[in-house]
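# Overview (structure and organization)
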Amino acid sequence: MTSRMHAPHTTCPGCQEEVFLDELVGGKCPLCGCSLEDFDEAFGEYEGVLDRSDLSWLIFNYFVFKKFVDMGVPPHQIMEFVAAYEENAEKPPAEWTKTDFMLGIPMSPWDHLKPKRCAKCNRFFFRNAKKQITGDMRHTDVHIQYVCDRC
């Protein structure tokens, strides 16, 4: 039974059932009779839809998403940032205008207790603040800053 699970198999395009390659009868599905070779010839033009550059963007987006989620950034903000960055990346690197980011993150219990300095007005305060991370996608450093409710 376990050797059967690792046997090469595919999904039949006609009946959408999983078919093991050693069960094919003359290159056709034993359940519905659909020829797997005819399907490959008919839909062979769609093979190159996901090319290498798309795969690298998927991997890049995954790691950016994972890094920001681990920091506590809400997923919606991450998706907006990645979409804006992807639009910007279509231009030549000399014309990139949007590589910096500022994303809001939740405050930890320790953040509520310690004194904070506002990044905009430079005042010290204890309560009613927003915690943000800022940085640039061209560099690896990320800065944490607080903004008071007056700014």
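Everything discussed here concerns the structure shown above.
Fair warning: this is a prediction, and the values are worked out from it, not measured in the lab.

Once that is clear, we can look at the overall build of the protein chain. Along its length, the protein chain carries five helices and seven strands. Helices and strands appear in the protein chain in the N-to-C order α-β-β-α-α-α-β-α-β-β-β-β. Taking all 151 residues of the protein chain together, 23% fall into the buried category. In the protein chain, once contacts between residues fewer than 6 apart in sequence are set aside, the share between residues at least 24 apart is 40%.

With that settled, the discussion passes to the nonpolar core. Counting residues in each nonpolar core, the largest one holds ten residues, listed as Val64, Phe68, Val73, Ile78, Phe81, Val82, Phe101, Leu103, Ile105 and Ile133. Within the residue set of this core, elements represented by two or more residues are helix H3 (52-71), helix H4 (75-89) and strand E3 (100-105). Phe68 has contacts with Val73, Ile78, Phe81, Phe101, Leu103 and Ile133, leaving out every residue within four places of it along the chain.

Moving on, we come to the pattern of salt bridges. Applying the stated rule across the entire model yields three salt bridges. With a shortest N-O distance of 3.2 Å, Asp70 and Lys66 are connected by a salt bridge. In this pair, Asp70 and Lys66 are both assigned in helix H3, four residues apart and thus about one turn of the helix distant. By relative accessible area, which is 37% here, Lys66 ends up partly exposed. Salt-bridge contacts for Asp111 lead to Lys131; the nearest nitrogen and oxygen are separated by 2.6 Å.

What you see with E3 is a clean split: Phe101, Leu103 and Ile105 sit on the buried side and Asp100, Met102 and Gly104 on the side with no burial. In the sheet, E3 pairs with strand E6 (residues 129-136) via six bridges, with the strands oriented antiparallel. Residue Gly104 lies in a different strand from E6, and its bridge partner there is Gln132.

Glancing now at a negative patch on the surface. On the surface, Asp54, Glu86, Glu87 and Glu90 cluster together into a negatively charged patch. Relative to the assigned elements, Glu87 resides in helix H4.

Glycine aside, residues mostly have negative phi angles, and peptide bonds mostly take the trans form. Positive phi outside glycine occurs at Asn122, with the angle close to 70 degrees. Inspection of the secondary structure assignment puts Asn122 in the loop between strand E4 (116-117) and strand E5 (124-125). You can call Asn122 partly exposed: its relative accessible area is 49%. For Asn128, which is not a glycine, the phi torsion comes out positive at approximately 55 degrees. Inspection of the secondary structure assignment puts Asn128 in the loop between E5 and E6.

To continue, consider the packing of aromatic side chains. By convention here, two paired aromatic rings are described through the distance between centres and the angle between planes. Under the criterion given, the structure shown has five aromatic pairs. A centroid spacing of 5.3 Å and a plane angle of 85 degrees characterise the contact between Trp57 and Phe60, whose relative ring orientation is edge-to-face. Note that Trp57 and Phe60 are positioned in helix H3 at a spacing of three residues, about one turn of the helix. With a relative accessible area of 27%, Trp57 lands in the partly exposed category. The partly exposed category is assigned to Phe60, whose relative accessible area is 29%. Among the aromatic side chains, those forming a connected cluster through ring pairs are Phe68, Phe81 and Phe101.

This part takes up the sheet that holds E6. With antiparallel pairing, three strands are arranged side by side in an open sheet as E3-E6-E7. Edge positions in the sheet fall to E3 and strand E7 (142-148), since each has one partner strand and no second. Neighbouring strand axes in the sheet, compared pairwise and without regard to direction, differ in orientation by 30 degrees on average. Bridge count for E6 against E7 is seven bridges, and the pairing is antiparallel. The residue of E7 that forms the bridge with Lys131 is Tyr146.

Conventions used here
Residues numbered from 1 in each chain as written. Predicted model: local features only at pLDDT ≥ 70, side-chain atom pairs only at ≥ 80, totals over all residues. Heavy atoms only, no water. Helix = DSSP H or I, 4+ residues; strand = E, 2+ residues; numbered from the N terminus. Buried < 20%, exposed > 50% of the residue type's maximum accessible area, 1.4 Å probe, protein only. Contact = heavy atoms within 4.5 Å. Core = buried A, V, L, I, M, F, W, Y, C linked by side-chain atoms within 4.5 Å. Salt bridge = Lys/Arg side-chain N within 4 Å of Asp/Glu carboxyl O. Pairing = 2+ DSSP bridges. Patch = residues over 30% accessible without salt bridge, like charges linked within 9 Å, V, L, I, M, F, W, Y side chains within 5 Å. Areas by Shrake-Rupley, 256 points an atom, 1.4 Å probe, with all protein chains shown as cover. Lys, Arg positive; Asp, Glu negative; His and termini not counted. Charge placed at Lys NZ, Arg CZ, Asp CG, Glu CD. Phe/Tyr/Trp six-rings, centres within 6.5 Å; stacked < 30°, edge-to-face > 60°. Axes fitted to C-alpha atoms, helices over the stretch in contact; angles between N-to-C directions.

On their own, these measurements won't tell you what the molecule is for.
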